[in-house]
Amino acid sequence: MTDSSECVSPPPGTAPDETPRRFRESAQNLPLDEWADVIVAGGGPAGVAAAVTAARGGKKVRLFELQGCLGGVWTAGLLTYIFDFNKSEIGWEMIRRLDALNARKIDKATGYDLDRDWVYEPEYMKFVCEEMCREAGVRVTLQCPVVAAYRDESGKNLDVIVTESKSGRQAWRARHFVDCTGDGDLAALSGCGFDLGYPGLGYGQPATMNALVAVDDGDAIAEYLSNEPAMWTRVTCPDGSNVCHHIYASHKLKALLREQGMEPSYGDPTLFRFHRNVFCFMANHEYRLPIDDAQAISDATMRARREIIALAGVLEKLGGPWKGFRVIGSAEQIGHRDARRIHGRYTVTKGDIENGTQFDDCATISRTSIDIHGLDKKMNDVKAAGNHGNVKFQPFQIPLRCCMAKDADNLFMAGRNISGDFYAHASYRVTGSSVALGEAVGRFLSNQ
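Each chain carries its own residue numbering, running from 1 in the direction its sequence is written. At least 70 in pLDDT is required for a residue's local features to be given in this predicted model, at least 80 for side-chain atom pairs to be given and counted, and no such filter applies to totals for whole chains, interfaces and linings, which use all residues. With hydrogens and water excluded, all non-hydrogen atoms of the structure serve as input to the side-chain values.

Participant: Could you clarify how one ought to interpret the overall build of the protein in this entry?
Facilitator: Working definition: helices are DSSP H or I runs of at least four residues, strands are E runs of at least two. Numbering for both runs from the N terminus. Each helix and strand counted, the protein has 10 helices and 26 strands in total. The C-alpha atoms of the protein give 23 Å as radius of gyration, which agrees with the globular expectation for 448 residues (22 Å, within 12%). Each principal axis of the C-alpha atoms in the protein carries an extent, and together these give about 70 × 60 × 40 Å. Each residue's exposure class comes from its accessible area (1.4 Å probe, protein chains only) as a fraction of the maximum for that residue type: buried when under 20%, exposed when over 50%, partly exposed otherwise. Put simply, the protein has 448 residues, and 53% of those count as buried. Residues count as neighbours in contact if any of their non-hydrogen atoms are within 4.5 Å of one another. For the protein, contacts bridging at least 24 residues in sequence account for 71% of all contacts bridging at least 6. Areas reported here follow the Shrake-Rupley algorithm with a probe of radius 1.4 Å; residue values treat only the protein chains shown as occluding. For the protein, the exposed surface amounts to about 19,600 Å²; the carbon and sulfur share of it is 48%. With 51 positive and 58 negative side-chain charges, the protein shows a spacing of 1 Å between the two charge centroids. The globule rule is 2.2 Å times the number of residues to the power 0.38, and the radius of gyration it is compared with is taken over C-alpha atoms. Charged residues are defined narrowly, with Lys and Arg counted positive, Asp and Glu counted negative, and His plus the chain ends left uncounted. Note that the charge is assigned to NZ on lysines, CZ on arginines, CG on aspartates and CD on glutamates.

Here it is, written out as C-alpha cells:
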C-alpha cells in the first residue's frame, strides 16, 4: 500500500457483513478530450439514431458503448423482434439497409403491416448500425462504459464524463450529452432524479435472456412459431376462443414443455424464425432483478442461461420434428424491460395516454399497447403479459421535453429511460420508439 491510499476498517465491534471495508483510491490526473460537440452514452437503438442524426447535422459526435458491438438489445441482447418501427427517417433507412442485405424476415401474404413489426438477423443489424455511424463520421468506442460524471461550477450543466476501458480511465468534455444507456446510467451518475419500477414496489417488469437456436428442419415445427403467420393474426383455438397467433403458438409450446415436466419461467415461451432453420428462443424471465447490482445481474444471467440450455435439451430429446434442436448462441446481456425513468421537463403519464394529450413539441407517437410482463411468477402464471392495469389505451404523443433532463440543462435522454410513469413506459419502451426518440434528440441538437 502506498502513502496516497488508505484502507478503512469497520468501527470496533461492528460485524463485517454490516459495514463493508472501504478502500480510498488516490486521485489522479486523467487525459481530457474536448473534441466532441455531442457525447452519446450507449450505442443501442436510441444511441445510434441520436449519434447519426446529430453527426449528419454537422456536429462532432462521440459514441461510447459498453458491449463489443453497436445495437444494444437488438444485437448483444438478441432481441430479433422489432415493434412499432416505421415512424422516423432513421427507422426507414434501417429497414431499407436490412432489406438490401436480405436480413429482414417478412411474409407479405399475411397482409399485416410488416414495416411496423418484424424479425431481423442480429449479425446484420450490427453491421447496419456500425456502417451508419461510420458513414456519418461518428467516433465510436466499444467496450467503454461511462463510470463517472462531473458538473461545471454552476452545477446546472454536465461538464465532464469519465470512461474506463483498455485505455484506462479517460475524461471527455462536450457541450451536450445524451443518455442512451437504456438504464439511465449516465443521468444517475450525474445526480439526476429518477423513478424506478411499479409505484410503491421498487421493482418492475422482469428481465429476459434471449437465445438463438437451430433445428434440422424449421418447417417441421412451424405450428410452434409465433411469427408464422404474423404475430397478431387471429386464430380460432379448439376450445372456440379467438386469440392472436403468438398466444396460440406460445401456449402450444408451453404445453409441450409441461408434458416433459418443464415449467418455463416465462408464461408465453416464444420461437421467432428469422432464417430458415434458425430461431430466437424467448422462454426466460428473471423477476425483481435490480438494474444496478452487478452480482445480482451476473447471477441472473447465468441462471437464465442454465434454464435455456435445460429447456432446449428437453425439446431436442423429443426427436422427430425437434431433431437437432440446439442452442447456438445466447445473449451477451440480459434484457431489462424496466429502467430508471429520468425526471425530465415533462413526464408523460397514464392520464396522457387515456386522454390523448397533444403536444406542440411532439417527438414521436407511441402506438404499442400497454405491455406489462408479470411482475412476479404468481402474476406471470395468471397472465404472462398484457395490459395488467386495464389502461384505456390510444396511440399517444411523447413531447421532446420528456427527453430533456430536469436536473441538468445540457443532458438529454432517448430510449426507455425518458421521463414517463410506469404505464407510459410499458408502451414506449419498445425499440421502434427508442429510434424515433433518438432521432428527435439528434435533430434538436443539430440546431444548437
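Resuming the write-up.
Participant: It is not clear to me how the nonpolar core should be interpreted in this structure. Could you clarify?
Facilitator: Note on soluble globular proteins: their nonpolar side chains tend to be buried together. Side-chain atoms within 4.5 Å link the members of a nonpolar core, which is a set of buried Ala, Val, Leu, Ile, Met, Phe, Trp, Tyr and Cys residues. In terms of nonpolar packing, the biggest core is built from 79 residues, with Trp74, Met94, Ile161, Leu186 and Leu411 touching the most fellow members. Considering every element that reaches this core, the biggest residue donor is helix α1 (residues 45–56), with eight residues. Those residues in contact with Trp74 that lie beyond four places of it in its chain are Pro45, Leu79, Thr80, Ile82, Phe85, Met94, Tyr120, Pro122, Met125, Cys129, Thr431 and Val435. The next biggest cluster of nonpolar side chains, apart from the first, holds 35 residues, and it includes Ala207, Val215, Ile221 and Leu271.

Participant: Even after reading the chapter, I still don't get unusual backbone geometry, so can you show me in this structure?
Facilitator: The phi torsion of most residues other than glycine is negative, and most of the peptide bonds are trans. Note that the residue after Glu228, namely Pro229, is joined by a cis bond; omega there is 0°. You can see Pro229 is positioned in the loop between β15 (211–214) and β16 (234–236). Even without being a glycine, Gln143 presents a positive backbone phi close to 50°. Tracing the sequence through the fold places Gln143 in the loop between β9 (139–141) and β10 (146–151). Look at Gln143 and you get exposed, because its relative accessible area is 54%.

Participant: I tried to follow the packing of helix α2 (residues 89–100) against helix α3 (residues 122–136) on my own but got confused; where do I start?
Facilitator: Helix packing for two helices is described by the angle between their axes and how far apart those axes are. The axes used here are C-alpha line fits, helices contributing only the stretch in contact, and every angle between their N-to-C directions lies in the interval 0 to 180 degrees. As a packed pair, α2 and α3 sit with axes 10 Å apart at the nearest point and diverge in direction by 125°. Between α2 and α3, the angle falls in the class oblique. The two elements α2 and α3 meet at a crossing, and its hand is right-handed. Packed against α2, whose contacting residues are Ile90, Glu93, Met94, Arg97 and Leu98, the element α3 presents Tyr124, Met125, Val128, Cys129, Glu131, Met132 and Glu135 at the interface. Our angle categories are set so that under 35 degrees counts as roughly parallel, over 145 as roughly antiparallel, 65 to 115 as roughly perpendicular, and the remainder as oblique. Here a crossing is called left-handed whenever its near helix is offset anticlockwise from the far helix by less than a right angle, and right-handed whenever the offset is clockwise.

Participant: Help me understand the pairing of strand β4 (residues 38–41), please; the structure alone is not making it clear to me.
Facilitator: Look at any regular strand and the pattern is simple: side chains alternate between the two faces of the sheet. Along β4, one buried face is formed by Val38 and Val40 and the opposite face, lined by Ile39 and Ala41, is buried too. Bridge count between β4 and strand β5 (residues 61–64): four bridges; the pairing is parallel. Within β5, the position partnered with Val40 by the bridge is Leu63. Note on the crossover from β4 through α1 to β5: the handedness is right-handed. If DSSP finds at least two bridges between two strands, the strands pair. Look down the strands so they point away from you; if the path from the first strand over the helix to the second goes clockwise, the crossover is right-handed.

Participant: Is there a simple way to think about the pattern of salt bridges in this case?
Facilitator: In a structure, side chains of opposite charge can pair up when their charged atoms sit close to one another. Any carboxyl oxygen of Asp or Glu that lies within 4 Å of a side-chain nitrogen of Lys or Arg is treated as forming a salt bridge with it. The final tally for this structure, using the stated rule, is 28 salt bridges. Among the salt bridges present, the one from Arg367 reaches Asp84, with a minimum N-O distance of 2.6 Å. In this pair, Arg367 is assigned in the loop between β22 (362–366) and β23 (372–373) and Asp84 in the loop between β6 (81–82) and α2, connecting sequence segments 283 residues apart. Ionic pairing is found between Arg340 and Asp185, a salt bridge with its closest N-O pair at 2.8 Å.

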